[in-house]
Amino acid sequence: MSSETASFNASLSRHAADLFEMPQDCRNRNCRRTGQCRGAVSADGEPPCITVLKKNDRKLFALHVELAELGADDIRRGKIQQLEKEPFDAFSQRLGHLIAAQAFADLPQNRAALRKRLRAMKITTWSRRPPRAAAFIYSGFGQPENDATSRP
């Protein structure tokens, strides 16, 4: 993997962490202070704040990073390969496109072309709240488990 690809994938991971508001709970002081992920991304593609998540939440995060990689491919091509129909899949695909667009927008020289391409792809509005049918999956994301085994 080239350093440019690794840097872009790290940017995708950081933007996914920002989207899930992980910097506010991060151990990295700079992340908490700025409200944005500033930590070093591991070889697995995880920023430091993700290490405190539960196993299922980490899987959900990894899924969104993979969807962001697919979204980046869609944005590069200028068209969405497959439009999802199910509420969770459609919302996740939309988040993937949002994360990819934010990563592309990090470089000022990409912004004008990116705006035109997103407009042509009809990706202009973003709903931060999942549809009711998919909301249960995100309801406890990042929260500690409240069962008897997690108590001291």
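Residues numbered from 1 in each chain as written. Predicted model: local features only at pLDDT ≥ 70, side-chain atom pairs only at ≥ 80, totals over all residues. Heavy atoms only, no water.

Caption draft 1: Representation of the pattern of salt bridges. Evaluated as defined, the whole model comprises 4 salt bridges. Asp-57 is paired through a salt bridge with Lys-54; the nearest N and O atoms lie 4.0 Å apart. Note that Asp-74 is salt-bridged to Arg-77, the shortest N-O span being 3.0 Å. Of this pair, Asp-74 and Arg-77 both sit in helix α3 (residues 55-77), separated by 3 residues, roughly a single helical turn. (Salt bridge = Lys/Arg side-chain N within 4 Å of Asp/Glu carboxyl O. Helix = DSSP H or I, 4+ residues; strand = E, 2+ residues; numbered from the N terminus.)

Caption draft 2: Summary view of the nonpolar core. Counting residues in each nonpolar core, the largest one holds 34 residues, and the members touching the most others are Leu-12, Met-22, Phe-61, Ile-75, Tyr-138 and Phe-141. Secondary-structure elements contributing two or more residues to this core are α1 (3-19), α3, α4 (87-104) and α5 (111-120). No other element matches the 9 residues that α4 contributes to this core. Look past the residues within four positions of Leu-12 in its chain and what remains in contact with it is Ala-68, Glu-69, Ile-99, Ala-100 and Ala-103. (Core = buried A, V, L, I, M, F, W, Y, C linked by side-chain atoms within 4.5 Å. Buried < 20%, exposed > 50% of the residue type's maximum accessible area, 1.4 Å probe, protein only. Contact = heavy atoms within 4.5 Å.)

Caption draft 3: Seen up close, the state of the cysteines. Evaluated as defined, the whole model comprises 0 disulfides. The cysteine Cys-26 is free of any disulfide, with Cys-31 supplying the nearest cysteine sulfur at 4.0 Å. Judged by its relative accessible area of 3%, Cys-26 is buried. Its sulfur unpaired, Cys-49 is 4.7 Å from the next cysteine sulfur, which belongs to Cys-26. Take Cys-49: its relative accessible area is 2%, and that puts it in the buried class. (Disulfide = S-S within 2.5 Å.)

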